[in-house]
Amino acid sequence: MPQRTVVIGSRSGLHARPAAVFVQAAARQPVRVTVARDGGTPVDARSLLSVLALGAKHGDPLVLSADGDGAEAALEELATLAAADLDAQEQR
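So, here's what we can say about the structure. These numbers were taken from a predicted model, which means no experiment stands behind them. (Residues numbered from 1 in each chain as written. Predicted model: local features only at pLDDT ≥ 70, side-chain atom pairs only at ≥ 80, totals over all residues. Heavy atoms only, no water.)

### Looking at the pattern of salt bridges
Counted according to the given criterion, the structure contains six salt bridges. With a shortest N-O distance of 3.0 Å, Arg-37 and Asp-60 are connected by a salt bridge. Taken together, the positions of Arg-37 in strand S2 (residues 33–37) and Asp-60 in the loop between helix H2 (48–53) and strand S4 (61–66) put the pair 23 residues apart, joining distant regions of the chain. Residue Asp-44 is joined to Arg-46 by a salt bridge in which the shortest nitrogen-to-oxygen separation is 3.1 Å. Within this structure, Arg-4, Glu-72 and Glu-76 form a network of salt bridges that share partners. (Salt bridge = Lys/Arg side-chain N within 4 Å of Asp/Glu carboxyl O. Helix = DSSP H or I, 4+ residues; strand = E, 2+ residues; numbered from the N terminus.)

As structure tokens, then:
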């Protein structure tokens, strides 16, 4: 199962708006993606409540995992989103 570790880029972590953007992108993927805090239990990346419950803060590493056709592309897109400062993009 392909995995990717990414560091949260949003200054306020994966709070409501950045988490919603991440979850919406995960829901568009052709494969199921899970996300976990480093060493934690993976949760469905399509579940807003599960992603918020991770409590991921700026600078925290997250492990993304996916399996199936399109897994690498899905991980690339979601890793790019998670690493971006989505709060800064909103303020522009």
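### As for the pairing of S4
The element S4 is extensively covered by neighbouring structure, given that five of its six residues are classed as buried. Here strand S1 (residues 3–7) pairs with S4 via five bridges, running antiparallel. What sits directly across from Arg-4, in S4, is Leu-64. Note: S2 against S4, five bridges, orientation antiparallel. Directly across from Val-33, in S4, lies its bridge partner Ala-66. (Buried < 20%, exposed > 50% of the residue type's maximum accessible area, 1.4 Å probe, protein only. Pairing = 2+ DSSP bridges.)

### Comments concerning helix H1 (residues 16–27)
The α-helix advances 3.6 residues per turn, and as a result positions three or four apart in sequence lie on the same side. Along its 12 residues, H1 runs 16 Å from first to last C-alpha, staying within 8% of the 16 Å computed at 1.5 Å per residue. Inspection of H1 places Pro-18, Ala-19, Phe-22, Val-23, Ala-25 and Ala-26 among the buried residues, and these make up the whole buried set. Seen end-on, H1 carries its buried residues on one side only, within an arc spanning 160°. (Expected span 1.5 Å × (residues − 1). Arc of directions from axis to C-beta.)

### Remarks on the environment of Ala-73
By the element assignment, Ala-73 lies in helix H3 (residues 71–83). Among the residues examined, Ala-73 registers a relative accessible area of 53% and is labelled exposed. Sequence separation between Ala-73 and Pro-30 is 43 residues; the distance between their C-alpha atoms is 9.7 Å.

### Observations regarding the sheet that holds strand S3 (residues 43–44)
One open sheet accounts for four strands, arranged S1-S4-S2-S3; its pairing is antiparallel. At either margin of the open sheet sits one strand with a lone partner, and together these are S1 and S3.

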